[in-house]
Amino acid sequence: AQSVTQLGSHVSVSEGALVLLRCNYSSSVPPYLFWYVQYPNQGLQLLLKYTTGATLVKGINGFEAEFKKSETSFHLTKPSAHMSDAAEYFCAVSGYSTLTFGKGTMLLVSP
Amino acid sequence: NAGVTQTPKFQVLKTGQSMTLQCAQDMNHNSMYWYRQDPGMGLRLIYYSASEGTTDKGEVPNGYNVSRLNKREFSLRLESAAPSQTSVYFCASSEAGRALYSNQPQHFGDGTRLSIL
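These notes cover the structure that comes with them. (Residues numbered from 1 in each chain as written. Chains lettered and ligands numbered in written order. Predicted model: local features only at pLDDT ≥ 70, side-chain atom pairs only at ≥ 80, totals over all residues. Heavy atoms only, no water.)

Before going further, it helps to examine the sheet that holds strand β3 (residues 19–25) of chain B. Across a sheet, paired strands are connected by hydrogen bonds in the backbone, their directions being either parallel or antiparallel. All names here are of chain B. Read from one edge to the other, the open sheet built from four strands follows the order β1-β3-β8-β7, with strand pairing classed as antiparallel. The open sheet has two free edges, formed respectively by β1 (4–7) and β7 (64–68), since each of these has just one partner strand. The average undirected angle you get between the axes of adjacent strands in this sheet is 15°. As paired elements, β3 and strand β8 (residues 74–78) share three bridges and run antiparallel to each other. Following the sheet pairing, T20 is matched in β8 by R77. (Pairing = 2+ DSSP bridges. Helix = DSSP H or I, 4+ residues; strand = E, 2+ residues; numbered from the N terminus. Axes fitted to C-alpha atoms, helices over the stretch in contact; angles between N-to-C directions.)

As structure tokens, then:
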């Protein structure tokens, strides 16, 4: 069975600071991994995905994530936070015909 | 580009009432999903339909039924609503189909906010 753990239900950063959101996964097969963002009162939007090939994946809005098999991690980063990045972020791993989501990390950005 | 459309956006029910949440996608996707989102719980899968004509239970199916009406539409029914079903419900679709460990992402609607008194 697949599972996802997101470390920290809330992460606070200052505008312009590095954003690091942590995701660890468990999968019995080589995983496909996804990061989604959810703005208030909206559905989830795909930020980026890892399938195969390059382990550093670039997404929308300046976000990127690195797949590290040895650490079973897929952490999301952005070099410089913007106020508009404040949202909830979900990591997900593929399963049989479905995705398994983490519980989410709320990113708070202060001026 | 409508994507995934959910109706209604908001609903208030009394305990014991029934209701059907509607979902339609215009991307010709094979698979459709219903989730509920509760604070601190992430997204939990209620039911999914990997392909037209099939439905399967997810993590939290009790109290719900679904119908895959055609390739575009997937509805979720609460037969006798309970306060524990107060939640935000999301429908999603994907090209995945009945694929083991698909690399296809899911596309989400904007949700239905349901309160049961």
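On to the interface of chain A and chain B. Each partner contributes residues to the interface: chain A has 25 residues there, and chain B has 25 residues. Buried area between chain A and chain B, summed over both chains or domains, comes out near 2000 Å², and the portion from carbon and sulfur atoms is 57%. At the boundary of chain A and chain B, one finds three residue pairs in polar contact (both at pLDDT 80 or more). Counting residues per element, the ones that place at least two in the side of chain A that touches chain B are β4 (33–38), β5 (44–50), β9 (87–94) and β10 (99–101) of chain A. Across the side of chain A that touches chain B, the residue classes tally to ten nonpolar, twelve polar and three charged. (Contact = heavy atoms within 4.5 Å. Buried area = accessible area lost by both parts, 1.4 Å probe. Polar contact = N/O pair within 3.5 Å; in protein donor to acceptor, adjacent residues only side chain to side chain. Nonpolar A, V, L, I, M, F, W, Y, C, P; charged D, E, K, R; others polar.)

Our focus in this paragraph is the packing of aromatic side chains. Residues and elements named next belong to chain B. A complete count under the given rule lists 13 aromatic pairs over all chains for this structure. When the centroid spacing of 5.7 Å and the interplanar angle of 35° are considered together, the rings of Y35 and F108 count as tilted. Of this pair, Y35 sits in strand β4 (residues 31–38) while F108 sits in strand β10 (residues 107–108), placing them 73 residues apart in sequence. Residues Y35 and F108 agree in their burial class; the two are buried. (Phe/Tyr/Trp six-rings, centres within 6.5 Å; stacked < 30°, edge-to-face > 60°. Buried < 20%, exposed > 50% of the residue type's maximum accessible area, 1.4 Å probe, protein only.)

Before going further, it helps to examine unusual backbone geometry. Look at the link from T7(B) to P8(B): it is a cis peptide, with omega at -5°. In this structure, P8(B) sits in the loop between β1 and β2 (10–13). Of note in the backbone geometry, T72(A) takes a positive phi value of approximately 45° without being a glycine. Here T72(A) shows up in the loop between β7 (64–68) and β8 (73–78). Look at N28(B): it is not a glycine, yet its phi comes out positive at around 60°. Its place among the elements puts N28(B) in the loop between β3 and β4. In this structure N28(B) comes out as exposed when scored by relative accessible area, which is 56%.

This part takes up the sheet that holds β8(A). All names here are of chain A. Here five strands make up an open sheet; going across it, the order is β1-β3-β8-β7-β6 and the pairing antiparallel. Looking at the sheet topology across the chains shown, the edges are occupied by β1 (3–7) and β6 (56–58). Within the sheet, the average angular offset between the axes of one strand and its neighbour, ignoring direction, is 20°.

Attention now moves to the pattern of salt bridges. A side chain with one charge can pair with a side chain of the opposite charge if their charged atoms come near. Inspection of the entire model under this criterion finds five salt bridges over all chains. Notably, a salt bridge pairs K58(A) with E64(A), separated by 2.9 Å at the nearest N-O pair. E64(A) sits in the partly exposed class, given a relative accessible area of 22%. In this structure, the salt-bridge partner of D85(A) is K78(A), at a minimum N-O distance of 2.8 Å. Accessibility expressed as a relative area gives 11% for K78(A), which makes it buried. It is possible to trace a salt-bridge network through shared partners that takes in R36(B), D38(B) and R44(B). (Salt bridge = Lys/Arg side-chain N within 4 Å of Asp/Glu carboxyl O.)

Residues and elements named next belong to chain A. In this structure, Y50 sits in strand β5. Judged by its relative accessible area of 8%, Y50 is buried. Counting along the chain gives 24 residues from Y50 to F74, while the straight-line C-alpha distance between them is 8.9 Å.

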